[in-house]
Amino acid sequence: MKKFTVNQHILAYERHGHGEPLVLIHGFPLDHTIWDEVVPLLQDDFDLILPDLRGFGESDAVDTPYTMDDLAADLASLLDHLGLEAASLAGHSMGGYVALAFADAYPQRTRGLALVSSQAAADAPDRKAGRYAQAHKIAEEGIGETVAAMTVKLTADERVQKIVHDLMRKQKPAGYIGTLKAMAERTEKLSMLERTSFPVLIVHGGADGLIPLPREIPLNVTRTRVVELAGVGHMPMMESAREVADALKSLK
Ligand code: MLT
């Protein structure tokens, strides 16, 4: 992977293809490799930029607290590093929260936004408390229980379960803990989407057991396109790569 230093920590990324810049942002607690099956389907259409978010993959983990805005600022530094003024962003789940934070902070740098298995709402109080409890448990006992619980929630597809299980096992506990707290503290972004003017694409599995289809976005944001994939769980880019790639081409 390519690497550069931002605010004293190393951020790793891959870059493939040619065309309009499109940043593919992975979810929690994963890394850029979740997009491996869509990259060959998109690289003739886009300049694909695939970061490992702070704390994941080959990027450094940091022990100081950070927010979704900090993760969005990391991406802005990555675009600066690549000499890119603006890009479209496609974020999977937590990656969608980062993409929304980016669009809020840098609307002039956002050409389009895809939320893949994600949402614009903030956490309800019980969910927020649950994230802090989970972070505490990981600090005390490690990631084992979280990995086992998440594997079956992410997808019913056994091939994909095996891949995501191995991927989650490889991630650093500090990355889990830092992003659980950042997710807990994130703010809602529906009002931001109502104000801005870039196109919004929602790609969502019809059988997603983690996050329900965010129906309020198309109701409030008229320039939204929704692609719902029947029978697909929380990992559509692995469960249904062709359909996800075809949907993302509308960001061109
Ligand atoms: C993810 O898949 O990125 C997370 O499960 C999202 C979340 O917990 O809200």
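Heads up: these notes are all about the structure in this document. (Residues numbered from 1 in each chain as written. Predicted model: local features only at pLDDT ≥ 70, side-chain atom pairs only at ≥ 80, totals over all residues. Heavy atoms only, no water.)

### Considerations on unusual backbone geometry
Both trends apply: most residues other than glycine have a negative phi, and most peptide bonds are in trans.
Next up, step 1: Phe28 connects to Pro29 through a cis peptide bond whose omega is -15°.
Next up, step 2: By the element assignment, Pro29 lies in the loop between strand E3 (20–25) and helix H1 (39–42).
Next up, step 3: Unlike most non-glycine residues, Asn7 shows phi in positive territory, near 45°.
Next up, step 4: Within the secondary structure, Asn7 sits in the loop between strand E1 (2–6) and strand E2 (9–16).
Next up, step 5: Unusually for a residue other than glycine, Gln8 sits at a positive phi of about 70°.
Next up, step 6: With respect to the helices and strands, Gln8 occurs in the loop between E1 and E2. (Helix = DSSP H or I, 4+ residues; strand = E, 2+ residues; numbered from the N terminus.)

### A few points about the sheet that holds strand E6 (residues 110–116)
Next up, step 1: Read across the open sheet, the 8 strands follow the order E1-E2-E4-E3-E5-E6-E7-E8; overall the sheet is mixed. Edge positions in the sheet fall to E1 and strand E8 (224–229), since each has one partner strand and no second. Averaged over neighbouring strand pairs, the angle between their axes works out to 20° when direction is ignored.
Next up, step 2: The sheet contact formed by E3 and strand E5 (residues 87–92) spans 4 bridges and is parallel. Its bridge partner being in E5, Leu24 is matched across the sheet by Ala90.
Next up, step 3: Here helix H2 (residues 68–82) sits on the sheet in contact with E1, E2, E3, strand E4 (46–51) and E5, set at roughly 60° to E2. (Pairing = 2+ DSSP bridges. Axes fitted to C-alpha atoms, helices over the stretch in contact; angles between N-to-C directions. Contact = heavy atoms within 4.5 Å.)

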